[in-house]
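Each chain, written out:
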Amino acid sequence: MPPMVIPEKCDGCQGEPEPLCEQVCPGDLMMLDQSVNKAVCRNVGDCWDCMNCTKSCPRQAIQTRLQYQSAFFPGKLIPLVGTHSVTWTLIDCHGNVERFVMKTLAGDEDEEE
Amino acid sequence: MVRERVYIDADLLIIGGGTAGCLAAWEARQRGGEDLKIVILEKAFIRNSGCLSAGMNALNMYINQGTPEDYVSYTRYDMCGAPIREDIILSVAEVVNETVALLEAEGLPIKKKPNGRYLNRGKWNVEINGSLLKPITASMAIQAGAEIYNRVYVTELMNIDGKVAGCVGFGVRDGKFYIARGKAVLLAAGGCAGLWRPRGHDDAHHRIWYFPFNAGGAYAMCKRVGVKMVGFDHRLVPVRTKDTYSPTGTLAIGMGAPMINALGEAFMHERPEYVKLGGHTAPTPTRAWALCQETLNHRGPIMMDTRRGDPERVAGLKGQYLDMSPALVLYWGCNDINPSMDPIEIDAADPSLVGSHAGLSGAWTIGTSRMTTLERLFVSGDALGAAPSRFISGTWACGRLAARSMLYYIERVDPQYLEINPDDLDRLEAHTFEPLDRYQKCTFYTNGKPIEGVTPEEMEWRMQYIMEEYCGGRSHWFHVSESYLTLARKLINRMRHDQLKYLVTKDLHDLQLAWDVINRLDVCHLVIEHIDYRKETRYPGYVNRTDYPNVDNENFDCFITSVWDPETDEFHFEKEPYVQIVPGDRNKESI
């Protein structure tokens with residue numbers, strides 16, 4: 001489920017020494033394209049789909065897309081990260097929407113996203 | 001000396017900021033006091049690195065019932081009654097529950113039953129909301145005041161007269177040469193994925209079960225400095241959801257969904273050839289073997305029948321996978337699969353080498369000290385061999401125990417930092433950066449490919465092709481024989497001996513890939529020679545020897561260990577006896 005960066009949303013994490021997606025990627029795959037000052041995945045085939053880049057992006061500029069060889073188009077899975085939970089929105093290929101709130105950290109039991 | 005150098009000295013030098021390494025740092029601080037200098041070298045960014053980076057929805061080792069001895073009995077049974085290091089598993093099982101409580105106190109959400117007890121999944125698992133498992137684990141090391149160096153890729157250990165002085169590596173971001181020494185050194189890097197061909201190709205080639213950036217560095221570095229190794233005659237063949245290769249414990253143990261074949265038979269329950277081997281609770285390798293047998297006998301595709309599972313639990317399936325393998329949830333959404341209505345197709349995936357999951361690979365250790373056959377070098381996590389089924393929670397515990405042992409060693413021996421010959425350091429530096437320096441001298445084709453060199457990707461593909469074809473990959477249904485192994489040996493050794501000198505990399509990211517290939521080739525070497533040495537089939541499903549299809553207890557009911565000789569490039573093999581500590585039938589679970 002390689003990360004695709006939407007150019008209109010990504011600002012290259014201005015002010016950070018490196019974009020947050022680059023900082024967190026366990027495979028060292030996200031990098032700043034200096035020519036446009038935006039993040040890019042240097043090799044989408046090397047991605048393991050941990051989704052840390054997608055979750056950590058402060059501008060929700062990263063969309064994760066399944067490889068077409070294993071899944072039809074278009075479907076989307078969008079995480080919205082809260083302090084103690086993450087809210088996932090799954091939009092399947094036919095536009096059906098499902099939402100899941102998953103706890104991530106103990107405490108603040110009533111939090112709702 | 002060409003590059004800027006970073007010199008680091010630490011009382012406890014920890015290589016790998018993962019499950020074991022972080023808890024080792026935490027334990028060392030509790031017991032070693034404020035003045036102890038603890039350093040962690042981490043290849044990526046410690047809060048999000050390694051095989052926990054996507055999260056996990058259960059802890060697979062927890063004593064929900066029975067005793068630590070019962071867990072040893074289960075582990076032994078699950079590895080086909082085969083030799084395991086019962087002493088090590090027992091030591092882990094004794095502290096695993098209290099260790100889980102530590103992580104819960106750190107913020108890990110563990111699901112509870114109405115009576116307040118942890119929600120169990122089968123006998124030995126507890127369910128969690130573990131998408132932040134890695135940040136929570138890392139915070140244990142951070143709050144312990146460990147000095148953490150992120151983005152440092154360790155390339156070699158330094159063996160000085162039988163003692164490990166420390167290690168060297170390179171900064172993935174800064175390109176500096178790192179030299180780290182320790183009074184005690186803990187190698188806690190991950191296992192090894194990517195030796196065999198993955199099922200997905202091109203942009204899906206890392207859509208595999210095990211973390212693809214675990215490239216066997218721990219095994220390869222140990223091998224190269226002459227540590228005694230064990231368990232490479234065994235590999236984990238994971239049965240996983242087809243295409244995404246996500247874990248299936250959630251379906252099998254969590255929902256009670258049985259495997260079914262094309263005839264609709266729950267074959268582990270219904271076919272006598274599998275019932276006699278233990279049925280649906282047969283050892284893990286046996287279940288992988290049964291899946292392969294069913295497919296080979298044209299009764300595929302094989303599914304996990306969620307329709308026969310617990311309906312209440314099946315309803316929460318998507319949420320459970322979001323905590324661990326979100327790709328699968330999107331995959332269902334894009335392929336019109338509703339997991340509570342449709343059976344989930346499964347398959348046997350590319351093999352992995354691991355020490356803490358259902359695998360036996362790693363360094364041989366002395367008693368329960370976690371010290372290897374080289375003084376000062378300790379191992380934990382996937383680097384520790386012959387002690388399977390520690391999983392995440394047991395690996396936390398195992399890291400703590402390693403730290404205790406290292407502190408005891410420091411107290412007892414009072415080791416001083418070892419002097420490293422400057423010429424050796426120059427040589428190691430040149431060796432570490434060789435592929436990068438070679439690239440600088442290259443000329444290029446019009447398509448940008450180097451004329452005088454080979455890229456890490458090209459070498460990886462060749463290596464995976466050789467292992468797939470000649471060392472029992474999935475396309476051969478994990479079958480090997482002497483004839484195939486002879487070809488594998490010839491080709492892999494050719495790569496090791498005279499092809500690595502052509503390896504070229506354009507930048508520091510690719511230098512990591514280059515070292516991944518160098519390390520994987522050393523692990524291939526271990527695998528080929530160990531599988532060849534074990535002339536029997538002890539773990540059908542994982543390693544099927546067509547020339548020795550049966551168990552040979554007379555000759556091989558033992559651990560097989562090896563020490564590599566750099567002069568001859570051969571392994572010195574030894575058989576270590578299996579010691580049964582927990583009494584009882586090795587082929588039965590005690591509870």
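Above this text you will find the structure in question.
Given the structure is predicted, the values throughout are model-derived calculations rather than measurements. (Residues numbered from 1 in each chain as written. Chains lettered and ligands numbered in written order. Predicted model: local features only at pLDDT ≥ 70, side-chain atom pairs only at ≥ 80, totals over all residues. Heavy atoms only, no water.)

Student: So what exactly am I meant to see when it comes to the packing of aromatic side chains here?
Tutor: The description of two aromatic rings rests on the distance between their centres and on the angle between their planes. All names here are of chain B. Scanning the model with the defined rule gives 22 aromatic pairs over all chains in all. With a centroid separation of 5.1 Å and 55 degrees between ring planes, the pair formed by tyrosine 439 and phenylalanine 444 is classed as tilted. Each ring, one from tyrosine 533 and one from phenylalanine 556, has its centre 6.4 Å from the other, and the planes form 85 degrees; the classification is edge-to-face. Placement of the pair is tyrosine 533 in helix H17 (residues 508-533) and phenylalanine 556 in helix H18 (residues 553-556), with a sequence separation of 23 residues. (Phe/Tyr/Trp six-rings, centres within 6.5 Å; stacked < 30°, edge-to-face > 60°. Helix = DSSP H or I, 4+ residues; strand = E, 2+ residues; numbered from the N terminus.)

Student: How should I be thinking about the interface of chain A and chain B in this particular structure?
Tutor: By convention, interface size is frequently given as the accessible area that disappears when the constituent parts associate. Taken residue by residue, the interface counts 43 residues in chain A and 50 residues in chain B. One can count six salt bridges joining chain A with chain B. For Asp28(A), the salt bridge is made with Arg151(B), and the minimal N-O distance between the two is 3.9 Å. Linking chain A to chain B there are 26 residue pairs in polar contact (both at pLDDT 80 or more). Mapped by element, the contributors of at least two residues to the side of chain A that touches chain B are helix H1 (20-24), helix H2 (52-56), strand E5 (76-81), strand E6 (85-91) and strand E7 (97-103) of chain A. The element best represented in the side of chain A that touches chain B is E7(A), accounting for four residues. Here the residues of the side of chain A that touches chain B are counted per class, giving 21 nonpolar, 11 polar and 11 charged. (Contact = heavy atoms within 4.5 Å. Salt bridge = Lys/Arg side-chain N within 4 Å of Asp/Glu carboxyl O. Polar contact = N/O pair within 3.5 Å; in protein donor to acceptor, adjacent residues only side chain to side chain. Nonpolar A, V, L, I, M, F, W, Y, C, P; charged D, E, K, R; others polar.)

Student: What should I look at first to understand the packing of helix H15 (residues 456-470) of chain B against H17(B) in this one?
Tutor: Two packed helices can be described by the angle between their axes and the distance between those axes. All names here are of chain B. Running from amino to carboxyl end, H15 crosses H17 at an angle of 20 degrees, the nearest separation of the two axes being 9 Å. Our classification of the angle between H15 and H17 gives roughly parallel. H15 and H17 meet at a crossing whose hand is left-handed. Touching Pro456, Glu457, Met459, Glu460, Met463 and Met467 of H15 are Asp510, Leu513, Ala514, Val517, Arg520, Leu521, Cys524, Val527 and Ile528, all from H17. Of the residues belonging to the contact of H15 with H17, the class tally is 11 nonpolar, no polar and four charged. (Axes fitted to C-alpha atoms, helices over the stretch in contact; angles between N-to-C directions. Parallel < 35°, antiparallel > 145°, perpendicular 65-115°, else oblique. Left-handed = near helix turned anticlockwise from the far one by under 90°.)

Student: Is there a simple way to explain helix H13 (residues 391-413) of chain B in this structure?
Tutor: Because an α-helix completes one turn every 3.6 residues, residues spaced three or four positions apart along the sequence face the same direction. Between the first and last C-alpha of H13(B) there are 32 Å, a value that for 23 residues agrees with the 33 Å anticipated at 1.5 Å per step. Directly beyond the C-terminal end of H13(B), a positive phi value near 50 degrees is found at Asp414(B). (Expected span 1.5 Å × (residues − 1).)

Student: It is not clear to me how the pattern of salt bridges should be interpreted in this structure. Could you clarify?
Tutor: Close approach of charged atoms allows side chains with opposite charge to pair. Residues and elements named next belong to chain B. Following the criterion strictly, the structure yields 60 salt bridges over all chains and no others. Its salt-bridge partner being glutamate 156, residue arginine 224 comes within 3.0 Å of it at the nearest N-O pair. Of the two residues, arginine 224 sits in helix H5 (residues 217-224) while glutamate 156 sits in strand E7 (residues 152-160), which places them 68 residues apart along the sequence. Across the pair, glutamate 156 and arginine 224 agree in class, each one buried. Residue classification places arginine 224 among the buried residues on the basis of a relative accessible area of 17%. (Buried < 20%, exposed > 50% of the residue type's maximum accessible area, 1.4 Å probe, protein only.)

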